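# Observations on chain architecture
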Amino acid sequence: MTARQIQFGFNNSYRRLPDRFHARLPPEPVADPRLVALNRPLAEVLGLDVEAIELNAAMLFSGNALPTDAEPLAAAYAGHQFGHFVPQLGDGRAILIGELIGRDGQRRDIQLKGSGQTPFSRRGDGRAALGPVLREYLVSEAMHALGVPTTRSLAVVTTGEPVYREDVLPGAVLTRVAASHVRVGTFQYFAVRSDRAGVQLLADYVIRRHYPEVEDAERPTLALLAAVAERQAALVARWMGVGFIHGVMNTDNMAISGETIDYGPCAFMDAYDPATVFSAIDQGGRYAYANQPGIAQWNLARFAETLLPLIDPDGETAMALATEAVEGFADRFERHWLAVMRAKIGLATAEPDDRALVLDLLKAMHAGSADFTLAFRRLCDWAADDEAREPVRQIFAGTAGLDAWEPRWRARLAREGRPARAIAAAMRLSNPAIIPRNHRVEQALAAAVQHGDLMPFEALFQALQDPYSDDHAAAYAAPPLPSERVCRTFCGT
Ligand code: AMP
Ligand code: MG
């Protein structure tokens, strides 16, 4: 079978929305497409013919020869970028080629990113560089393996064309797979145009696609807002639990589905510090680690604003209901965060003082500049074995806080009424041994981009498929040496 005969079995719905939702156009062909990575397990889940796809992957995933049933489009959206509203953003370098219902019954978008200019490109070239594309492929799949809701990555293809950023870089296209690409910014696009019918169509669409359970609510739009708040609260709590910093939580990068989307300058924290920021463009620290729940709520408020006329014809009533829903995010987040953090310290039951217990550990970690991932992972061993104290203490620059905390933790664990070994085993499923540490990611990308050597990338990728096991800990668990530390990341757009 040649690429020109392949069908993906698309089943498209976004394309059926009115013309003002999107621009219909194909990707721009590239000079010399070559396959760099193909996610076979994901292709299986999607129900694709993996053998046929493998043979034609470079052509298919560059967009040079789309599946015959593709109906390509670029979606319109707006967004607040670092707090400033931009009424028109849109897919400036991405093309949705279609939607698939996978083997698991889930509908997913298949999107090529870096696929050339569209009517939404503004001044951009529509292209992506290999480094950021590999970064998204690696980190999104690592997040999935960690159990965090996320868009996924199906393939990476190099284009054989240069892209011009600060340097001249090899171009690449990422195939991104998402529950959908509807963003808070998609709602804003119609709201700012006073296109009430558009907002209504979009709300109906996302209810059908992502939140069918709210359809029969007394006020479906209000129930949608609450349901999105719930998923965002769960999502950001998971980020906090693995030390993930998204880096660009603009409203156009917040997916209504509740998946992590848009891996630009994202990074994982090494030493625990709530003020950690990596992104070079985030100079005010708007999207710092500890600010993420507050920003999610701010984005949710922007979402709520677009829905007001749909919530109630009376402006005051609509505002009161929406405000209550947005304010409810705080409690939702708190509940999810506490569940995540309780599990991390070995608690399956709840007591009123658990929050303070968690916060005091974090305080000790901050004071001791302890590595976030390593500290929690070593705590797992310590839960079962008093002798495992020193390996934990070693990673704290000062242990006064930790030493004071331990007896409280021990007393609390005793009230769990479970064998220490069972507690430790459960903790190991909530505290990864390895994460995509920034210095490792940068090393792998540098080898790939500068020397065409994909070995470090592939080895790191494989290890990250199993982050809760110790199998790859010897190679990848260590925090960076001071000389290895990477403190700045770039979105590379
Ligand atoms: P991002 O920062 O990746 O969330 O992108 C924000 C907006 O800029 C989106 O509308 C993108 O489609 C657009 N964009 C980013 N990079 C490019 C590029 N190289 N060419 C065209 N549009 C781009
Ligand atoms: Mg984006």
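Up top you'll find the structure we're talking about.
Quick summary incoming for the structure in this document.

Quick notes on the rules
- Residues numbered from 1 in each chain as written.
- Chains lettered and ligands numbered in written order.
- Predicted model: local features only at pLDDT ≥ 70, side-chain atom pairs only at ≥ 80, totals over all residues.
- Heavy atoms only, no water.
- Axes fitted to C-alpha atoms, helices over the stretch in contact; angles between N-to-C directions.
- Helix = DSSP H or I, 4+ residues; strand = E, 2+ residues; numbered from the N terminus.
- Parallel < 35°, antiparallel > 145°, perpendicular 65-115°, else oblique.
- Left-handed = near helix turned anticlockwise from the far one by under 90°.
- Contact = heavy atoms within 4.5 Å.
- Nonpolar A, V, L, I, M, F, W, Y, C, P; charged D, E, K, R; others polar.
- Expected span 1.5 Å × (residues − 1).
- Bend = angle between axes of the 7 residues up to and from the residue.
- Buried < 20%, exposed > 50% of the residue type's maximum accessible area, 1.4 Å probe, protein only.
- Pairing = 2+ DSSP bridges.
- Near = heavy atom within 4 Å.
- Polar contact = N/O pair within 3.5 Å; in protein donor to acceptor, adjacent residues only side chain to side chain.
- Areas by Shrake-Rupley, 256 points an atom, 1.4 Å probe, with all protein chains shown as cover.

Our focus in this paragraph is the packing of helix α9 (residues 354–367) against helix α12 (residues 400–414). Put simply, α9 and α12 touch, their axes get as near as 9 Å, and they point 155° apart. Taken together, α9 and α12 sit at an angle that is classed as roughly antiparallel. Both α9 and α12 take part in a crossing whose hand is left-handed. Seen from α9, the contacting residues are Asp354, Ala356, Leu357, Asp360, Leu361 and Ala364; seen from α12, they are Gly401, Leu402, Trp405, Arg408, Trp409 and Arg412. Taken together, the residues of the contact of α9 with α12 break down into 7 nonpolar, 1 polar and 4 charged.

Here we take up α12. If you check α12, its first and last C-alpha atoms are 22 Å apart, about what 15 residues at 1.5 Å a residue would give, namely 21 Å. Remark: the principal bend of α12, roughly 30°, maps to Glu406, with a proline, Pro407, within the next four residues. Residues Leu402, Trp405, Glu406, Trp409, Arg412 and Leu413 constitute the buried set of α12. In this fold, the buried residues of α12 make contact with α9, α10 (372–384), α11 (389–394) and α13 (420–428).

With 7 of 8 residues buried, strand β6 (residues 94–101) is to be regarded as a mostly interior element. Relative to strand β7 (residues 107–113), β6 runs antiparallel, the two being bridged by 7 bridges. Of the residues in β7, the one forming a bridge with Gly98 is Ile110.

Let's shift gears to the site of ligand 1. Taken together, 18 residues are adjacent to ligand 1, and Gly90, Gly92, Arg122, Asp125 and Gly126 come closest. Measuring from an oxygen atom of ligand 1, one finds a side-chain N or O atom of Arg122 at 3.0 Å. Here Asn253 contributes a side-chain N or O atom positioned 3.1 Å from an oxygen atom of ligand 1. Considering ligand 1 on its own, with 470 Å² of exposed area, one finds that the protein chains cover 87% of that surface. Of the residues belonging to the shell around ligand 1, the class tally is 2 nonpolar, 8 polar and 8 charged.

Purely geometric numbers; function is a separate question.
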